[in-house]
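Descriptive analysis of the structure
These are the residues of each chain, in order.
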Amino acid sequence: MGSLSAKEDGTPDDVTGLTANQILHIRETWQVVLSNKRANGFAIFRILFTDYPFTKKLFRSMDQVDIDVPEQFEKNIALRAHITRFLHSFDTYVSSLDEPADLQQLLYDTGKSHLRHSVKPEYFDALGNVLMKGLTAVLGKDFTEEVQGAWGTAWGFFVIHLKQGLEDAVRHGAETNGTAAGTDE
Amino acid sequence: MSTDRSAVVSLTEGEKATIRRTWAVASRDMMGNGANILLKMFEINPDTKKVFAKFRNIPDNQLQSTPRFRAHVTRVMASIGTVVNSLDDQEVLLDLFKDIGKKHYPARVPTEYFDVIAGAILCMLQQCLGTGYTAEVDSAWTKLYGSLGRHAKDGLREAAAMGTP
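Bear in mind the structure is a predicted one, so any value in this text is a computation, not a measurement.

**Some points on the pattern of salt bridges**
Inspection of every chain in the model, using the stated rule, returns 25 salt bridges over all chains. A salt bridge links Arg38(A) to Asp89(B); its shortest N-O distance comes to 3.9 Å. Remark: Asp89(B) occurs in the loop between helix 4 (67-85) and helix 5 (90-103) and Arg38(A) occurs in helix 3 (residues 37-51); the pair is interchain, linking two chains. According to the relative accessible area criterion, Asp89(B) is buried, its value standing at 17%. With its nearest N and O atoms 3.2 Å apart, the salt bridge here joins Asp88(B) to Arg20(B). In this pair, Asp88(B) is assigned in the loop between helix 4 and helix 5 and Arg20(B) in helix 1 (residues 13-26), connecting sequence segments 68 residues apart. Using a relative accessible area of 56% as the deciding quantity, one classes Asp88(B) as exposed. Each of Arg85(A), Arg116(A), Asp95(B), Asp99(B) and Lys103(B) takes part in salt bridges that share partners, so that together they form one network.

**A closer look at the nonpolar core**
In terms of nonpolar packing, the biggest core is built from 51 residues, with Phe45(A), Phe49(A), Leu79(A), Phe90(A), Trp151(A) and Phe158(A) touching the most fellow members. Looking at this core, the elements that each hand over two or more residues are helix 2 (20-34), helix 3, helix 5 (77-95), helix 6 (100-113), helix 7 (123-139) and helix 8 (145-175) of chain A. Looking at which element gives the most residues to this core, the answer is helix 8 of chain A, with ten residues. Discounting chain neighbours no more than four positions away, the residues touching Phe49(A) are Thr55(A), Lys56(A), Phe59(A), Met62(A), Ile67(A), Phe73(A) and Leu79(A). Counting residues in hydrophobic clusters, the runner-up holds 50 residues, among them Leu93(B), Leu122(B), Tyr145(B) and Ala159(B).

**What about the UniProt feature "domain: Globin" (unreviewed entry) in chain B?**
Per the UniProt record, "domain: Globin" (unreviewed entry) is annotated on residues 10-157 of chain B. Helix and strand shares over residues 10-157 of chain B are 72% and 0% respectively, and the end C-alpha atoms of the span are 24 Å apart.

**Regarding helix 1 of chain B**
All names here are of chain B. With 14 residues, helix 1 should cover 20 Å at 1.5 Å per step; its first-to-last C-alpha distance of 20 Å lies within 8% of that length. All of the buried residues in helix 1 are Glu 15, Lys 16, Thr 18, Ile 19, Thr 22, Trp 23 and Ala 26. Projected down its long axis, helix 1 shows its buried positions confined to an angular sector of 160 degrees, all on one face. Looking at the packing, one finds that the buried side of helix 1 touches helix 2 (30-44), helix 4, helix 6 (113-129) and helix 7 (135-162).

**Things to note about the environment of Ala107(B)**
Residue placement: Ala107(B) occurs in the loop between helix 5 and helix 6. Looking at Ala107(B), the relative accessible area reads 13%, which means it is buried.

**Observations concerning the side chain of His88(A)**
Of note, His88(A) is situated in helix 5. Among the residues examined, His88(A) registers a relative accessible area of 14% and is labelled buried. At 3.3 Å, the side chain of His88(A) forms a polar contact with the side chain of Thr82(B). Apart from residues lying up to four places away in sequence, His88(A) is in contact with Lys37(A), Ala78(B), Gly81(B), Thr82(B) and Asn85(B).

About the criteria used
Residues numbered from 1 in each chain as written. Chains lettered and ligands numbered in written order. Predicted model: local features only at pLDDT ≥ 70, side-chain atom pairs only at ≥ 80, totals over all residues. Heavy atoms only, no water. Salt bridge = Lys/Arg side-chain N within 4 Å of Asp/Glu carboxyl O. Helix = DSSP H or I, 4+ residues; strand = E, 2+ residues; numbered from the N terminus. Buried < 20%, exposed > 50% of the residue type's maximum accessible area, 1.4 Å probe, protein only. Core = buried A, V, L, I, M, F, W, Y, C linked by side-chain atoms within 4.5 Å. Contact = heavy atoms within 4.5 Å. UniProt positions renumbered as here; feature names shortened; annotations may be inferred. Expected span 1.5 Å × (residues − 1). Arc of directions from axis to C-beta. Polar contact = N/O pair within 3.5 Å; in protein donor to acceptor, adjacent residues only side chain to side chain.

Listed below in structure tokens is the structure:
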């Protein structure tokens, strides 16, 4: 299982561009993020809402929430649930870094699933900056140039397929006038 | 022990521990055990496979190498894992349960199918745990999934009522 090229001789995978070593770096540092899911999950979303305030309106009742008031921010149930789903979903990507076909499908489907939340494909670009800033905050000095490079390559792959999934869903929705006919899966 | 009548699912600390412990065993083979859940569901009710437009015509024995099937398996297992991880947070659990339902609206999944997969999940756990699948394990998971199914169906109906895509 998994493509031999990425595994054995340190060359980047044809599809993802990741080397085996980079996959290791990502997995190790991802465990650090998961070691404190609640705090780190919120840290990432705090950066999102601070740097890209327009994204607040995508979340139920976030408009009234002042992100600088911890009790308000962290008491938003819909957001707390989304952060949990986000971390677990992201975890499936990290687990699939060595299975490009699986990874691509997971990302594509995630992109597609954001149609019903009024997310636009370009919003996913914002998440890249947020991710890097979030990892810097969580990992500190452990976010070395090498680790940063690994995450950058992974994100470069992620964002393509996240956006593709959503773009296709938007186009499909426009073509069929919003009437669903069975699942796309 | 929680006897909060407004709780989404009243699990004792013992039941939560049982669920976590047994899920840890099932998680050792996410793809394999997850595939077995879906395959068992298709076996119990072949109509459930028809909802999957992209692989309904692929024979069961070829599904495990089909990316779209594998992706759904991954999501199902991740979804259960997220629930198991959130057992102490009733409010988040409710949101998770309803979201599972809402996600299935675009595919027009009949609400009864949530009951079919519930049975399939218990079968998978039986297979995984062997003699470790005690009455206590069955009871805890049945309680959890009873609540999940109930609220997922509500979520699906709400999404249908709103007519979101």
